[in-house]
Amino acid sequence: QLRRQARERREYLQRRAREQQQQRQRERRESLRRALDENRLLPTELRHEALALQKELEFDFEAPAGTGDSQDDEYRWAGLEPPKVMVTTSRDPSSRLRLFAKELCLLLPGARRMNRGRAELGALVGACRAAGVTDLLVLHETRGRPDGLTVSHLPHGPTAHFTLSGAVLRQEVGGLGGAPLAAPHLLLLRLDSTLGKRVGTILKHLFPVPRPDSRRVVTFANEDDVILVRNHVYRRRGRTVELEEVGPRFQLRPYLIRLGTLEQGDAADVEWRWHPYTATAPKRRLLSAT
């Protein structure tokens, strides 16, 4: 089992390195093509290999639509089977964090909650991998207030770290009936940048494919790089539609994405990291294209 996991991880890294090299080569060819079309001087870094790149342009063609890369390789077969999600917490959780973990399982259809106990991360991830779990969610807290969420996709990654704020439990929303258990339709709003699509891919594959007649909607709405998570059910009243929030309600903000699993820690490659103290002129929007 360990040898097979090491081999699959090695093949994944080799495939990713080869795709990155091909992407850099495509960018150099495109830069040469633009220089030739606009009849201007070649870029300095391309002058030594311009003739070889020009020969490659004769056989260059557009990649077919829908061609994925190794970053999305772990989600290639998503949707064929429902995801198996495991939710756990940090050690010695408070009563509020345990209740929030229980309600997070209601938000994610089919998710199961596991008591952390004294289990180490390596043993925790190994047990989930052996049981066929596709995603491991770990909730963190500070003084009884949920403030962190880690989503680790198994068996090889990626692992996304979020800060969690504004957690409102179902009973605090008020006026609720039973918890809806149907698979929801998903709304991903303003997650249209490269990073936003990557975060949206990680979040949406926590949910199974819904039935067309499902009356439940889960929304991930980006507002100033903060993802608002809302859970609603709707009912048709003649020509009108009534929307009712059923909770829980919270906000997410990504700050780190690693290509490995959770137990690898700093040994995994960093795909993206939030740099809050970078001096920029206008405020950048990371999750949306505008």
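Below you will find a few notes about this structure. What you see is a predicted model; the values in this text were computed from it and never measured. Within each chain, residue numbers correspond to sequence positions counted from 1 in written order. Local features are withheld for residues below a pLDDT of 70 in this predicted model, meaning they are given only at 70 or higher, and side-chain atom pairs are given and counted only at 80 or more; totals for whole chains, interfaces and linings count all residues. Excluding hydrogens and water, the side-chain values take into account all heavy atoms of the structure.

## Here we look at the environment of R190
- Mapped onto the fold, R190 is located in the loop between β6 (185–189) and α6 (194–204).
- The residues touching R190, leaving out its near neighbours within four places in the chain, are A221, N222, E223, L287 and S288.
- Polar side-chain contacts of R190 include one of 2.8 Å to the backbone oxygen of N222.
- We call two N or O atoms a polar contact when they sit within 3.5 Å, provided that within protein one can donate a hydrogen and the other can accept it, with sequence-adjacent residues counted only if both atoms are side-chain atoms. Polar contacts involving the side chain of R190 include one to the side chain of E223, which spans 2.7 Å. Helix numbering and strand numbering both begin at the N terminus, where a helix is a DSSP run of H or I of at least 4 residues and a strand a DSSP run of E of at least 2. In what follows, residue pairs with any heavy atoms lying within 4.5 Å of each other are defined as contacts.

## Thoughts on empty space enclosed by the protein
- The pocket and cavity definitions rest on a 1 Å grid over protein atoms only: a 1.4 Å probe that fits but cannot leave marks a cavity, an open set with protein on both sides within 12 Å along at least five of seven lines marks a pocket, and residues lining either have an atom within 4 Å of a point. Grid points are joined across faces, edges and corners, and a volume is the space filled by probe spheres set on the points. Using the criterion set out here, one finds three cavities of 30 Å³ or more in the structure.
- In this structure, the largest cavity occupies an estimated 90 Å³ of space.
- Looking at the largest cavity, it is lined by 13 residues, and the ones nearest its centre are L104, L149, L206, F220 and F250.
- Only α3 (95–107), β4 (145–153) and β10 (249–258) provide two or more residues apiece to the lining of the largest cavity.
- Think of it as three bins: nonpolar holds Ala, Val, Leu, Ile, Met, Phe, Trp, Tyr, Cys and Pro, charged holds Asp, Glu, Lys and Arg, and polar takes everything else, Gly as well. Split into classes, the residues belonging to the lining of the largest cavity amount to 13 nonpolar, no polar and no charged.
- When its volume is computed, the second largest cavity comes out at roughly 50 Å³.
- A class-by-class count of the residues in the lining of the second largest cavity yields six nonpolar, no polar and two charged.

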